[in-house]
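Structural overview
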Amino acid sequence: MINLTRLNGKEFSLNALYIETVEAFPDTTITLTNGHKYVALESREEVHAQIYQFYKDIHILANPHIRGEDHEE
């Protein structure tokens, strides 16, 4: 889960596995795979950093094939 802030200042958590797109309109708009949209105060770059950290924490990025590497170390 990643922690974000709504435009009204309320915090919420979002399961990053279901994020399809993150866009800036200029507000950061996050679209999930089910079509639901969330608007957050955090910048697109901040959301990307949280998603990346979440993936690292749950070891999705530990798979060398997902990282684009040909051989395991």
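Since the model is a prediction, treat every value here as computed from it, not as a measurement. (Residues numbered from 1 in each chain as written. Predicted model: local features only at pLDDT ≥ 70, side-chain atom pairs only at ≥ 80, totals over all residues. Heavy atoms only, no water.)

1. Structural notes on helix α1 (residues 44-57)
The first and last C-alpha atoms of α1 sit 20 Å apart over 14 residues, in line with the 20 Å expected at 1.5 Å per residue. Listed as buried for α1 are Val47, Ile51 and Phe54. Each buried residue of α1 sits inside an arc of 60 degrees when the element is viewed along its axis, so together they form one side. Check the buried side of α1 and you find it contacts β1 (2-5), β3 (19-24) and β4 (28-32). Looking at the residues trailing α1, positive phi occurs at His59, about 65 degrees. (Helix = DSSP H or I, 4+ residues; strand = E, 2+ residues; numbered from the N terminus. Expected span 1.5 Å × (residues − 1). Buried < 20%, exposed > 50% of the residue type's maximum accessible area, 1.4 Å probe, protein only. Arc of directions from axis to C-beta. Contact = heavy atoms within 4.5 Å.)

2. A few points about the pattern of salt bridges
It is possible for side chains of opposite charge to pair when their charged atoms get near one another. Counted by the stated rule, this structure contains 1 salt bridge. Between Arg44 and Glu45 there is a salt bridge, and its shortest N-O distance comes to 3.7 Å. (Salt bridge = Lys/Arg side-chain N within 4 Å of Asp/Glu carboxyl O.)

3. Here's the deal with the nonpolar core
As a rule of thumb, nonpolar side chains are buried together in soluble globular proteins. Grouped together as the largest cluster of nonpolar side chains are 13 residues, with contacts concentrated most on Ile2, Leu4, Leu14, Ile19, Ile30, Val47 and Ile51. Of all the elements in the fold, those that place two or more residues in this core are β1, β2 (11-14), β3, β4 and α1. Per-element tally for this core: the top contributor is α1, with 3 residues. Apart from the residues within four sequence positions on either side, Leu14 is in contact with Met1, Ile2, Leu4, Ile19, Ile30, Leu32 and Tyr38. (Core = buried A, V, L, I, M, F, W, Y, C linked by side-chain atoms within 4.5 Å.)

4. Topic: the environment of Leu7
With respect to the helices and strands, Leu7 occurs in the loop between β1 and β2. Take Leu7: its relative accessible area is 46%, and that puts it in the partly exposed class. Spatially, the C-alpha atoms of Leu7 and Asp27 are 8.8 Å apart, while their sequence positions differ by 20 residues. Dropping the residues within four chain positions of it, Leu7 is found in contact with Asp27, Val39, Ala40 and Leu41.

5. Looking at the packing of aromatic side chains
The full count for this structure, using the stated rule, is 2 aromatic pairs. Summarising the aromatic geometry, the rings of Phe12 and Tyr38 are spaced 5.6 Å apart at their centres and angled 25 degrees between planes, so their arrangement reads as stacked. With Phe12 in strand β2 and Tyr38 in strand β5 (residues 37-40), this residue pair connects regions lying 26 residues apart in the sequence. On the accessibility criterion, Phe12 (10% relative accessible area) is buried. For the pair Phe54 and Tyr55, a centre-to-centre distance of 6.1 Å together with 50 degrees between the ring planes defines the contact as tilted. Taking relative accessible area as the criterion, Phe54 reaches 11% and is therefore assigned buried. (Phe/Tyr/Trp six-rings, centres within 6.5 Å; stacked < 30°, edge-to-face > 60°.)

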